[in-house]
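# Architecture at a glance
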Amino acid sequence: MSVLVVGSVALDSVETPFGKADEVLGGSGTFFAASASHFTSVKLVGVVGSDYPVHKLDPLRARGVDLGGLEQAEGESFRWRGRYRHDLNSAETLETRLGVFSHFRPKIPTEFRQAPFVFLANIDPRLQLEVLKQVERPKLVACDTMNFWIESRRADLIELLKHVDVLLLNDGEARQLTEHANLVKAARWILQRGPRHVIIKKGEHGAFMFTGSTVFFAPAYPLEDVFDPTGAGDSFAGGFIGYLARTGQLDEAHLRRAVVYGSTMGSFAVERFSIQRLLEIGTSDIRSRLDDFRRLVAFEEEMPA
Ligand code: AMP
């Protein structure tokens, strides 16, 4: 089954302790599409400015991502500038320039409106709500957000939650949104406002999935070299939703497996700048890392006498 994603398509400038990248392909929609395209067909809706090197998106097209909903508007592209210090778990935003994004009104092409899986990647919650008005009863709607929108569009975000099945966010964002320091309480607060599942990611410390009655935890892959954490969250979402869309199943067992696929794809994204690594890998790399994950958490139950 296909996935519709609406998100930012950006030019990122990133500084990490290991190097710098200037004006490279980025954006929540871009990372998600690169990751989910390993599992299913992806339809991307977003906007870029007249200065965007659109040809650099060709590798996504080659991977089967439908860019028919990517608008090119007069003006500057969305730009994000961020820095990671030695704690690679949290990005410091140095600059966000919305550019053409500030006037963007998502128009979902008619042929995209019946996509059974919809991912509202990190963009203005008002735009995320507008997307939902245009799609036709998807099987699953998942969404992401970030501190920028929690601060500036809190009421819209809470309204959006009523219409979403799965919310993905990181631990800092969950605390900021709910004003609960404890993540179990934060998850409960979110579950009371609409979503049936909430996934709280803790960077290199793994990810929790909460439902009304269950909790699941998957570790992050213990990588020796994390190069650039940008896009880990969107790539996680791409693995999570891509896997669910591929199987079409939404029971607890599939959702749990989807979290591990999410962790797997996030772990690839951070090995290089931009979407580079996501474009290099193939099915055998994904399978082999899943096997590593299985070994990582395997243990035999034994109660000493
Ligand atoms: P993450 O997966 O959370 O690391 O997301 C990284 C991507 O989010 C970067 O490629 C940025 O271009 C994009 N981004 C940063 N700030 C925003 C924002 N306010 N709205 C939409 N996308 C953003």
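Each remark here, short or long, concerns the structure printed above.
These notes cover the structure that comes with them. (Residues numbered from 1 in each chain as written. Predicted model: local features only at pLDDT ≥ 70, side-chain atom pairs only at ≥ 80, totals over all residues. Heavy atoms only, no water.)

### Looking at the pattern of salt bridges
- Applying the stated criterion to the full structure yields 24 salt bridges.
- Close ionic contact of Arg81 with Glu95 constitutes a salt bridge, the shortest N to O distance being 3.2 Å. With Arg81 in strand E6 (residues 78-83) and Glu95 in strand E7 (residues 92-97), this residue pair connects regions lying 14 residues apart in the sequence.
- Overall, Arg81 belongs to the partly exposed group, its relative accessible area being 35%.
- One salt bridge in this structure joins Glu271 and Arg277, with 2.7 Å as the shortest N-O distance.
- Since its relative accessible area comes to 15%, Glu271 is described here as buried. (Salt bridge = Lys/Arg side-chain N within 4 Å of Asp/Glu carboxyl O. Helix = DSSP H or I, 4+ residues; strand = E, 2+ residues; numbered from the N terminus. Buried < 20%, exposed > 50% of the residue type's maximum accessible area, 1.4 Å probe, protein only.)

### What about the side chain of Ser263?
- With respect to the secondary-structure elements, Ser263 resides in helix H9 (residues 252-269).
- On the accessibility criterion, Ser263 (8% relative accessible area) is buried.
- Ser263 has contacts with Ala218, Pro219, Ala220, Phe236 and Phe293, leaving out every residue within four places of it along the chain. (Contact = heavy atoms within 4.5 Å.)

### Re helix H8 (residues 232-247)
- Here H8 is 16 residues long and its end C-alpha atoms lie 23 Å apart, about the 22 Å a rise of 1.5 Å per residue gives.
- Among the residues making up H8, those that are buried are Asp234, Ser235, Phe236, Ala237, Gly238, Gly239, Phe240, Ile241, Gly242, Tyr243, Leu244 and Ala245.
- One or two residues past the end of H8 sits Gly248, with phi positive at roughly 70 degrees. (Expected span 1.5 Å × (residues − 1).)

### Details of the sheet that holds strand E8 (residues 117-120)
- The mixed open sheet is built from nine strands, whose spatial order is E5-E4-E1-E8-E9-E10-E11-E12-E13. The sheet is open, and its two borders are formed by strand E5 (65-72) and strand E13 (215-218), each paired with just one other strand. Pairwise comparison of adjacent strand axes, ignoring direction, gives a mean angle of 15 degrees for this sheet.
- Looking at chain direction, E8 and strand E9 (residues 140-144) are connected through four bridges and run parallel. Looking across to E9, one finds that Leu120 is bridged to Cys143. (Pairing = 2+ DSSP bridges. Axes fitted to C-alpha atoms, helices over the stretch in contact; angles between N-to-C directions.)

### With respect to the packing of H8 against H9
- Where H8 contacts H9, the two axes come as close as 7 Å, and the packing angle between them is 140 degrees. Taken as axis vectors, H8 and H9 run oblique relative to one another. As for how H8 packs across H9, the hand of that crossing is right-handed. Residues Ala232, Ser235, Phe236, Gly239, Phe240, Tyr243, Leu244 and Thr247 of H8 touch H9, and the partners they reach there are His254, Leu255, Arg257, Ala258, Val259, Tyr261, Gly262, Ser263, Met265, Gly266 and Ala269. (Parallel < 35°, antiparallel > 145°, perpendicular 65-115°, else oblique. Left-handed = near helix turned anticlockwise from the far one by under 90°.)

### Here we look at the packing of aromatic side chains
- Counted according to the given criterion, the structure contains 11 aromatic pairs.
- Between the aromatic rings of Phe39 and Tyr261, the centroid separation amounts to 5.4 Å while the plane-to-plane angle is 85 degrees, which identifies the pairing as edge-to-face. Residue Phe39 is located in the loop between helix H1 (28-36) and strand E4 (42-48), and its partner Tyr261 is located in helix H9; the two are separated by 222 residues in the primary sequence.
- We classify Phe39 as buried; its relative accessible area is 10%.
- According to the relative accessible area criterion, Tyr261 is buried, its value standing at 18%.
- Ring pairing ties together the aromatic residues Phe18, Phe227 and Phe273, which thus form one cluster.
- When the ring centre of Trp189 is taken as origin, the NZ or CZ atom of Arg193, which lies over that ring, is 3.8 Å away. (Phe/Tyr/Trp six-rings, centres within 6.5 Å; stacked < 30°, edge-to-face > 60°. Lys NZ or Arg CZ within 6 Å of the ring centre and 35° of its normal.)

### Some details on the site of the ligand
- Around the ligand there are 17 residues in total, and Asp12, Gly27, Asn122, Gly231 and Asp234 lie nearest to it.
- A distance of 3.1 Å separates an oxygen atom of the ligand from a polar backbone atom of Gly233.
- Asp234 places a side-chain nitrogen or oxygen 2.7 Å from an oxygen atom of the ligand.
- Out of a free accessible area of 510 Å², the ligand has 88% covered by protein chains. (Near = heavy atom within 4 Å. Polar contact = N/O pair within 3.5 Å; in protein donor to acceptor, adjacent residues only side chain to side chain. Areas by Shrake-Rupley, 256 points an atom, 1.4 Å probe, with all protein chains shown as cover.)

### Some details on the sheet that holds E7
- The mixed open sheet is built from four strands, whose spatial order is E3-E2-E6-E7. Each of the sheet's edge strands pairs with one partner strand only, and the pair in question is strand E3 (19-26) and E7. For this sheet the average axis-to-axis angle between neighbouring strands, irrespective of direction, equals 15 degrees.
- The pairing of strand E2 (residues 10-16) with E6 spans six bridges and is parallel. In the strand pairing of E6, Asp12 is matched with Trp80.

### A word on the nonpolar core
- In terms of nonpolar packing, the biggest core is built from 53 residues, with Phe119, Ile199 and Phe240 touching the most fellow members.
- The element contributing the most residues to this core is H9, with eight residues.
- In this structure, Phe240 is in contact with Val166, Ile199, Met209, Leu255, Ala258, Val259 and Gly262, ignoring residues within four places of it in sequence.
- Core analysis: the second largest hydrophobic core is formed by 47 residues, Phe101, Phe104, Val164 and Phe210 among them. (Core = buried A, V, L, I, M, F, W, Y, C linked by side-chain atoms within 4.5 Å.)

### Thoughts on the pairing of strand E10 (residues 166-170)
- Where burial is concerned, most of E10 is hidden: four out of the five residues are buried.
- In terms of strand pairing, E9 meets E10 through three bridges, oriented parallel. Its bridge partner being in E10, Asp144 is matched across the sheet by Leu168.
- Across five bridges, E10 lies against strand E11 (residues 197-201) in parallel orientation. Bridge pairing in E11 places Leu168 opposite Ile199.

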